[in-house]
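Residues per chain, in single letters:
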Amino acid sequence: MKVSKIIKNFFGHLSTINEHRFLVMKHCFRVGLYKQGLTHDLSKYSPTEFIPGVKYFQGDRSPNNAQREHEGYSSAWLHHKGRNRHHYEYWIDYSSKKDTPELVGMKMPLKYVIEMFCDRVAASMIYQKEKYTDSSALEYYENGRGKILIHPETDALIHHLLKYLSEHGLDQTIHYIITEIKE
């Protein structure tokens, strides 16, 4: 990779992370999740995540997908999802049922589902730019829904929030989360 491309990718990736974190922080603050807003995705600055992010930066989608396509897996994603509780993948564990070795999704605590909502909205805004609509995050989620390992109650809640967003807009959804979901 040429030095000029590395520099461009470095600053492009850093800018994307910073913009994303700022938007998530803004949304988290609006729903009263101050600590989560401040600490959201700090692992993205670690060398394990940041270096592949620079190498595979494209600007219009996650570099994790590009790394996965090129290498067969994403070391950055494996590191990230194991350290950030707002990802449903963090909550995958073996079933507690006796003699059942299958992996299942554990129910996520409410505060992490709300942070996941903020994360998905911000990611859609960052990657879709002017094409973003209040239905973007719902459409992305529904595209993979049914193929993911997530607890049914967690799935139902995140889907409900994203659907509410698509029907009522961000301001009303934030109000709804504060007055109806968190209470």
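This report concerns the structure included in the present document. Not measured: the values here are computed from a predicted model. (Residues numbered from 1 in each chain as written. Predicted model: local features only at pLDDT ≥ 70, side-chain atom pairs only at ≥ 80, totals over all residues. Heavy atoms only, no water.)

With that out of the way, let us pick up helix α8 (residues 152-168). Residues lying three or four places apart along an α-helix face the same way, a consequence of the helix completing one turn every 3.6 residues. Here α8 is 17 residues long and its end C-alpha atoms lie 24 Å apart, about the 24 Å a rise of 1.5 Å per residue gives. Listing the buried residues of α8 in full gives Thr154, Asp155, Ile158, His159, Leu161, Leu162, Tyr164 and Leu165. Buried-residue contacts for α8 involve α6 (110-128), α7 (136-144) and α9 (170-181). Phi turns positive, to about 90°, at Gly169, one or two residues after α8. (Helix = DSSP H or I, 4+ residues; strand = E, 2+ residues; numbered from the N terminus. Expected span 1.5 Å × (residues − 1). Buried < 20%, exposed > 50% of the residue type's maximum accessible area, 1.4 Å probe, protein only. Contact = heavy atoms within 4.5 Å.)

Another point: the packing of aromatic side chains. Remark: the centre distance and the inter-plane angle together describe each pair of aromatic rings, the angle taken between the planes. Scanning the entire structure with this criterion turns up six aromatic pairs. When the ring of Phe10 is compared with that of Phe11, the centres are 5.0 Å apart and the planes differ by 80°; the resulting orientation is edge-to-face. An angle of 75° between the planes, with centres 5.3 Å apart, marks the rings of Phe10 and Phe50 as edge-to-face. Pair noted here: Phe10 is in helix α1 (residues 3-30) and Phe50 is in helix α3 (residues 47-55), with a separation of 40 residues, a long-range link. Its relative accessible area of 31% is what places Phe10 among the partly exposed residues. (Phe/Tyr/Trp six-rings, centres within 6.5 Å; stacked < 30°, edge-to-face > 60°.)

With that settled, consider the pattern of salt bridges. Tallied over the entire structure, the rule returns six salt bridges. Between Lys44 and Asp41 there is a salt bridge, with the nearest N and O atoms lying 3.2 Å from each other. The class for Asp41 is buried, based on a relative accessible area of 1%. For Glu167, the salt bridge identified is with Lys163, shortest N-O distance 3.3 Å. Residue Glu167 and its partner Lys163 are located together in helix α8, separated by four residues, close to a single helical turn. (Salt bridge = Lys/Arg side-chain N within 4 Å of Asp/Glu carboxyl O.)

Here we take up the packing of α7 against α8. Two elements in contact, α7 and α8, have axes separated by 8 Å at closest approach and are oriented at 145°. Remark: the crossing between α7 and α8 carries left-handed chirality. Across from Ala137, Leu138, Tyr141 and Glu142 in α7, the residues of α8 making contact are Asp155, Ile158, His159, Leu162, Lys163 and Ser166. (Axes fitted to C-alpha atoms, helices over the stretch in contact; angles between N-to-C directions. Left-handed = near helix turned anticlockwise from the far one by under 90°.)

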